[in-house]
Amino acid sequence: MSDHVDGNALAGDLREIFAVDLTVATGQCAGCGYRGSVASLRVYQNAPGVVARCPHCEEVVLRLVRAPGRAWLDLRGTVSLEIPLQA
Amino acid sequence: MAIVSPGFSGRRQSADVQLPPGQYLTEDFPVLTAGPTPRVPTDRWELTVNTEAGQKYTWSWQQLIELPAEKITTDIHCVTKWSKLGTRWKGVSLDVLLEEVETAADFALVQSYGGYTTNLPLEDLLDGQAWIAYRYDDDDITPEHGGPARLLVPHLYFWKSAKWVRGIQLLLEDEPGFWETAGYHDYGDPWREQRYQGD
Ligand SMILES: [Zn+2]
């Protein structure tokens with residue numbers, strides 16, 4: 001038996017997480033380790049995409065590019081997001 | 001007071017000039033930025049070319065402006081769909097800067113003060129297609145528009161014309177830059193409307 005299954009197994013968990021208001025999540029910056037709410041990020045939107053930067057070190061923590069019918073979310077500048085859920 | 005129908009003047013403009021597909025004409029010069037605007041004094045500015053073999057070539061501001069410069073008048077096309085016609089620049093051709101550089105590279109990753117990057121094939125920087133520009137409209141380039149010096153490579157979407165340019169890394173393999181890793185097209189030819197990956 002295989003030691004893993006395909007990504008369809010993530011469907012339930014991801015649907016629960018991405019349906020929430022992520023601005024209340026707490027993110028940790030991959031650049032400096034700063035922790036803060038997504039709402040506290042500095043967002044530059046006069047750009048080809050949306051760029052969110054750490055309020056402490058100004059590194060990019062999140063990028064979002066929207067095209068007709070698709071979007072790209074780049075979170076490589078974020079170590080993790082702590083997302084409050086209903087207990 | 002003369003009454004001019006904007007629809008009429010719009011049609012005339014688009015009939016007189018040919019724009020890449022999906023673009024519209026603008027008269028002003030929108031400022032796009034993905035972060036805080038770097039302000040680099042020219043006495044601390046330098047441009048570095050690093051080769052794939054680890055060789056490093058550096059120009060100070062004074063050395064840059066003493067090189068033979070060209071005046072360039074060109075149309076520019078932003079991926080956010082505005083195009084601006086007949087913009088006037090002055091700068092040093094990359095042919096001049098790269099003349100002495102020994103390289104077998106096929107690709108370049110352009111790096112900016114502030115951390116921005118963009119990639120393109122090295123051949124798109126050569127043969128009179130690209131400049132390090134330091135004047136716009138007979139004036140110094142303002143920090144908002146990428147001064148003291150920016151890359152100008154007008155045959156590609158304008159995100160490739162990196163503001164606040166500080167270096168060019170020459171590479172044997174292509175290395176996607178800031179927007180190219182976040183959904184934008186690797187090459188970005190406006191005439192083929194290469195906005196996003198897969199276009
Ligand atoms: Zn940080």
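That block above? That's the structure.
Residues numbered from 1 in each chain as written. Chains lettered and ligands numbered in written order. Predicted model: local features only at pLDDT ≥ 70, side-chain atom pairs only at ≥ 80, totals over all residues. Heavy atoms only, no water.

### Focus on the environment of B:Val96
Residue and element names in this part refer to chain B.
Item 1. Inspection of the secondary structure puts Val 96 in helix α3 (residues 94-97).
Item 2. Between the alpha carbons of Val 96 and Pro 154 there is a distance of 18 Å; along the sequence they are 58 residues apart.
Item 3. Once residues within four sequence positions are removed from consideration, Val 96 is found in contact with Leu 67 and Pro 68. (Helix = DSSP H or I, 4+ residues; strand = E, 2+ residues; numbered from the N terminus. Contact = heavy atoms within 4.5 Å.)

### Describing the side chain of B:Gln111
Item 1. By the element assignment, B:Gln111 lies in strand β6 (residues 107-112).
Item 2. Sequence-distant contacts of B:Gln111, defined by excluding residues within four places in its chain, comprise B:Tyr116, B:Thr117, B:Val165, B:Arg166, B:Gly167, B:Ile168 and B:Gln169.

### Notes on the coordination of the zinc ion
All names here are of chain A.
Item 1. On the protein side, the zinc ion has Cys 29 (SG), Cys 32 (SG), Cys 54 (SG) and Cys 57 (SG) as donor atoms, found 2.3 to 2.4 Å from it.
Item 2. In this structure, the zinc ion is coordinated by 4 donor atoms arranged in tetrahedral fashion, with angles at the metal of 103 to 114°.
Item 3. Of note, the donors binding the zinc ion are all from one chain and are spaced C-x2-C-x21-C-x2-C. Of the two residues, Cys 32 sits in the loop between β1 (26-29) and β2 (35-37) while Cys 57 sits in the loop between β4 (50-53) and β5 (60-67), which places them 25 residues apart along the sequence.
Item 4. Taking the relative accessible area as the measure of exposure, Cys 32 reaches 35% and is therefore partly exposed.
Item 5. Among the residues examined, Cys 57 registers a relative accessible area of 27% and is labelled partly exposed. (Donors = N, O, S within 2.8 Å, 3.2 Å for Na, K, Ca; no water. Tetrahedral: all angles 85-135°; square planar, octahedral: opposite > 155°, others 65-115°. Buried < 20%, exposed > 50% of the residue type's maximum accessible area, 1.4 Å probe, protein only.)

### Points about the environment of A:Thr26
All names here are of chain A.
Item 1. Within the secondary structure layout, Thr 26 lies in strand β1.
Item 2. For Thr 26, a relative accessible area of 25% gives the class partly exposed.
Item 3. Distance in space between the C-alpha atoms of Thr 26 and Ser 80 is 8.2 Å, their sequence separation being 54 residues.
Item 4. With residues near it in sequence (within four places) discarded, Thr 26 still touches Arg 35, Gly 36, Ser 37, Ser 80, Leu 81 and Glu 82.

### Side note on a nonpolar patch on the surface
Residues and elements named next belong to chain A.
Item 1. A cluster of nonpolar residues, Leu 10, Leu 14, Phe 18, Leu 64 and Leu 73, forms a patch on the protein surface that exposes about 430 Å² of accessible area.
Item 2. Mapped onto the elements, Leu 73 comes out in strand β6 (residues 70-74).
Item 3. For Leu 73, a relative accessible area of 43% puts it in the partly exposed group. (Patch = residues over 30% accessible without salt bridge, like charges linked within 9 Å, V, L, I, M, F, W, Y side chains within 5 Å. Areas by Shrake-Rupley, 256 points an atom, 1.4 Å probe, with all protein chains shown as cover. Salt bridge = Lys/Arg side-chain N within 4 Å of Asp/Glu carboxyl O.)

### Structural notes on a negative patch on the surface
Item 1. Judged by side-chain charge, B:Asp106, B:Glu123, B:Asp127 and B:Glu173 come together as a negatively charged surface patch.
Item 2. Tracing the backbone shows B:Asp127 in the loop between β7 (117-121) and β8 (131-136). (Lys, Arg positive; Asp, Glu negative; His and termini not counted. Charge placed at Lys NZ, Arg CZ, Asp CG, Glu CD.)

### Things to note about unusual backbone geometry
Item 1. Following B:Gly147, the chain continues into B:Pro148 via a peptide bond in cis, with omega recorded as 15°.
Item 2. The topology assignment puts B:Pro148 in the loop between β9 (139-140) and β10 (150-152).
Item 3. Phi is positive for A:Glu58, close to 70°, though the residue is something other than glycine.
Item 4. Its location among the elements puts A:Glu58 in the loop between β4 and β5.
Item 5. Residue class for A:Glu58 comes out partly exposed when judged on its relative accessible area of 34%.
Item 6. Although it is not a glycine, B:Glu193 sits at a positive phi angle of roughly 50°.

### Topic: the nonpolar core
Item 1. Within the largest apolar cluster, 48 residues are counted, with the highest numbers of intra-cluster contacts made by B:Leu94, B:Leu125, B:Ile132 and B:Trp179.
Item 2. Contributions of two or more residues to this core are made by β5 of chain A together with β2 (46-50), β3 (56-60), α2 (61-66), α3, β6, β8 and β11 (165-171) of chain B.
Item 3. Once you skip the residues sitting within four places of it in the chain, B:Trp179 turns out to touch A:Ala47, A:Pro48, A:Gly49, A:Val51, A:Arg63, A:Val65, B:Ala34, B:Tyr116, B:Trp159 and B:Tyr184.
Item 4. Ranked by size, the runner-up nonpolar core spans 13 residues in total, among them B:Phe29, B:Cys78, B:Ala133 and B:Tyr136. (Core = buried A, V, L, I, M, F, W, Y, C linked by side-chain atoms within 4.5 Å.)

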